[in-house]
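# Residue-level structural notes
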Amino acid sequence: MVWDISPIAFTLNLGSFHLPVRWYGLFFASTFAYGILIFRYMFRREGRPVDEVYDLVLWVMGATVVGARLGHVVLYEPRYYLSRPW
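Residues numbered from 1 in each chain as written. Predicted model: local features only at pLDDT ≥ 70, side-chain atom pairs only at ≥ 80, totals over all residues. Heavy atoms only, no water.

### Regarding the overall build of the protein
Just so we agree on the cut-off: Counting from the N terminus, the helices are the DSSP runs of H or I reaching at least four residues and the strands are the DSSP runs of E reaching at least two. Here the radius of gyration uses the C-alpha set of atoms, whereas the globule reference equals 2.2 Å times the residue count to the power 0.38.
Of the regular secondary structure elements, the protein holds three helices and two strands. If you list the helices and strands of the protein from N to C, you get β-β-α-α-α. Taking 2.2 N^0.38 as the reference for a compact globule, 86 residues should give roughly 12 Å; the C-alpha atoms of the protein span a radius of gyration of 18 Å, well beyond that estimate. For the protein, the C-alpha atoms occupy an extent of roughly 50 × 40 × 35 Å along the three principal directions.

Now the structure itself:
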């Protein structure tokens, strides 16, 4: 059995522009959406201002993107990036 799943979940056709939507992008987006719901529940339960949740999620999203890129560089292609640090 060969595991050969396409990384593209579907393609959005916006006129002459085609935007492929990848599975990992959907997973990241759904995780952030569920995170907002969970954090809002936790902040309400603790009596904290719910508006702080959105600031927290923006920081988490930024850290996720930077961390995912650094993880890819360090774990999958370190020789390539060490030979071309710029």
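Let's pick the thread back up.
### Quick look at the pairing of strand E1 (residues 8-14)
Successive side chains on a regular strand alternate, one facing one side of the sheet and the next facing the other. Applicable threshold: Being paired, for any two strands, means DSSP has found at least two bridges between them.
Where E1 lies against strand E2 (residues 17-22), six bridges are found, and the strand directions are antiparallel. In the strand pairing of E2, leucine 12 is matched with leucine 19. Here E1 folds back onto E2, and the loop between the two strands holds two residues, one of which, glycine 15, carries a positive phi near 70 degrees.

### Description of a nonpolar patch on the surface
Applicable threshold: Only residues above 30% relative accessible area that lack a salt bridge enter a patch, with like-charged residues linked at up to 9 Å and the nonpolar side chains Val, Leu, Ile, Met, Phe, Trp and Tyr linked at up to 5 Å. Accessible areas in this description were obtained via Shrake-Rupley with a 1.4 Å probe; residue shielding takes into account the shown protein chains only. Basic side-chain nitrogens of Lys or Arg form a salt bridge, by our definition, when they fall within 4 Å of a carboxyl oxygen of Asp or Glu. Three labels apply to residues, based on accessible area from a 1.4 Å probe with only protein chains included: buried if under 20% of the type maximum, exposed if over 50%, partly exposed otherwise in between.
The grouping of Met1, Trp3, Ile5, Trp23 and Phe27 at the surface amounts to a nonpolar patch, some 750 Å² of accessible area in total. Turning to its location among the elements, phenylalanine 27 is positioned in helix H1 (residues 23-46). The class for phenylalanine 27 is exposed, based on a relative accessible area of 52%.

### With respect to the pattern of salt bridges
Across all of its chains, the model carries one salt bridge by this definition. Glutamate 52 is paired through a salt bridge with arginine 48; the nearest N and O atoms lie 2.7 Å apart. Note on glutamate 52: relative accessible area 33%, which makes it partly exposed. Of the residues examined, arginine 48 reaches a relative accessible area of 40% and is grouped as partly exposed.

### Observations regarding the packing of aromatic side chains
Rule in force here: In summary, the pairing rule links any two rings of Phe, Tyr or Trp, Trp by its six-membered ring, whose centres are within 6.5 Å, and it sorts them by plane angle into stacked for under 30 degrees, edge-to-face for over 60 and tilted for everything else. When the NZ atom of lysine or the CZ atom of arginine is within 6 Å of a ring's centre and also within 35 degrees of its normal, the charge is said to sit over that ring.
With the rule as written, the count across this model stands at three aromatic pairs. Plain terms: the ring middles of tyrosine 80 and tyrosine 81 are 5.0 Å apart, the flat faces sit at 90 degrees to each other, and that makes the pair edge-to-face. Here arginine 48 stacks its cationic end above the ring of phenylalanine 43, 4.8 Å away from the centre of that ring.

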